[in-house]
Amino acid sequence: MMKKPLLTTLALLLGSSAFAADYNFTFAHVLIDETPNGQAALAFEKEVEDKSDGRININVLPAAQLGGDVEIIEQLQMNLVQIAIPPTATLGNFEPRVQILDLPFLLPSQELMMKVLDGPAGRKILDTLEDHEMHAVNFWGAGFRHMTNNVRPIEKPEDLKGIKMRTMQSPILLSTYRNFDANPTAMAYTEVYNGLQQSVIEGQENPIANITSKKFYEVQKYMTLTSNAYHGYAAIVNKQAWDSLPEDLQAVMTTAFNNARDLSRKLTNELEASALENIKKHTKVTELTNEQMAAFVKASQPVHEEFRDTITSDLLDVVYAEIESN
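## As for the overall build of the protein
Part 1 of the reasoning: Counting secondary structure elements, the protein contains 14 helices and nine strands.
Part 2 of the reasoning: Over its C-alpha trace the protein gives a radius of gyration of 20 Å, about what one expects of a compact globule, namely 20 Å for 326 residues.
Part 3 of the reasoning: In terms of principal-axis extent, the alpha carbons of the protein reach across some 60 × 40 × 40 Å.
Part 4 of the reasoning: Contacts in the protein between residues far apart in sequence, at least 24 positions, make up 74% of those at least 6 positions apart.

See the structure below:
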């Protein structure tokens, strides 16, 4: 149950001016405004307010002002928060089928990622959240995740043996690194830098944008561009709030969500190009050959089979078919 101090905080953050519009939506997330997705959220806010002629007011609350992703999702389910962009890995704790995007080496390229997530297969994934008081609109993202560590360069699955790797709280991610004979542990994102600095953990995985914003390269010797999973965010709206909107305003919101998704990806790609050059000044960066990548893909198949029943064969086969049809 929501604690009263948090309800009070929420009311103060909303402010009295928010209630002038016909619809007042709070958009909470954990990212800072300067990140690609933080910028996309602000662009979404402006577009919705402009295109709705002020009938919808969006109040963006970044930087975990209302708590972490789990707390924000819980608040959204209770309609205390109306909009959020949590990582799909976190949403997997509420709807197991969404974990499909954590499967290692599932999406082999940016082009196929967009084809899957923006097409019928992606819609099928998003629709699994309808039973949890969430209307999911589309997928934003922060790029593909890559591995860093302090032990050795990672060029093949066997190189991960024994390395203490930090992951998000995701059964699939933990299983993936156990399958590679690493020693995985779940740890909060905010604790990773200190964990690496103090050798509590020896490695981690994150997209380049996160590695840069948290300066993990300062405390990591090696980085491998594995692209082992897409770090996706699902743009979600409380179902009751969404259903309260007339069709014309739902259309305004949907268009703004799609434009924000495209902006987040564009800004992420631009950031990665420059950020990787900076990372290379501090960390030895390895790029895998096609043969080396194929070895990782092959070694990951047991994880896909382990979670087939959790994700469901129906959903998994739809995504496989979409990828193979390319």
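Having seen the structure, we can now continue with the description.
## Examining the layout of surface pockets
A probe as big as a water molecule, rolled over the atoms, marks out the empty space that is left.
Part 1 of the reasoning: A volume near 910 Å³ is recorded for the largest pocket.
Part 2 of the reasoning: Val 30, Asp 69, Arg 166, Tyr 189 and Thr 190 are, among the 34 residues lining the largest pocket, the residues nearest its centre.
Part 3 of the reasoning: Of all the elements in the fold, those that place two or more residues in the lining of the largest pocket are α2 (36-51), α3 (69-77), α9 (208-213) and β8 (222-238).
Part 4 of the reasoning: If one sorts the elements of the lining of the largest pocket by residue count, α9 sits on top with four residues.
Part 5 of the reasoning: Of the residues contributing to the lining of the largest pocket, the split by class is 17 nonpolar, twelve polar and five charged.
Part 6 of the reasoning: Here the second largest pocket is characterised by a volume of approximately 250 Å³.
Part 7 of the reasoning: Elements supplying a minimum of two residues to the lining of the second largest pocket: β4 (134-149), β8 and α11 (247-280).
Part 8 of the reasoning: Of the residues belonging to the lining of the second largest pocket, the class tally is eight nonpolar, seven polar and two charged.

Basis of the calculations
- Residues numbered from 1 in each chain as written.
- Predicted model: local features only at pLDDT ≥ 70, side-chain atom pairs only at ≥ 80, totals over all residues.
- Heavy atoms only, no water.
- Helix = DSSP H or I, 4+ residues; strand = E, 2+ residues; numbered from the N terminus.
- Rg over C-alpha atoms; globule rule 2.2 N^0.38 Å.
- Contact = heavy atoms within 4.5 Å.
- 1 Å grid on protein atoms, 1.4 Å probe; cavity = no way out; pocket = protein on both sides within 12 Å on 5 of 7 lines; lining within 4 Å.
- Points joined across faces, edges and corners; volume = space filled by probe spheres on them.
- Nonpolar A, V, L, I, M, F, W, Y, C, P; charged D, E, K, R; others polar.

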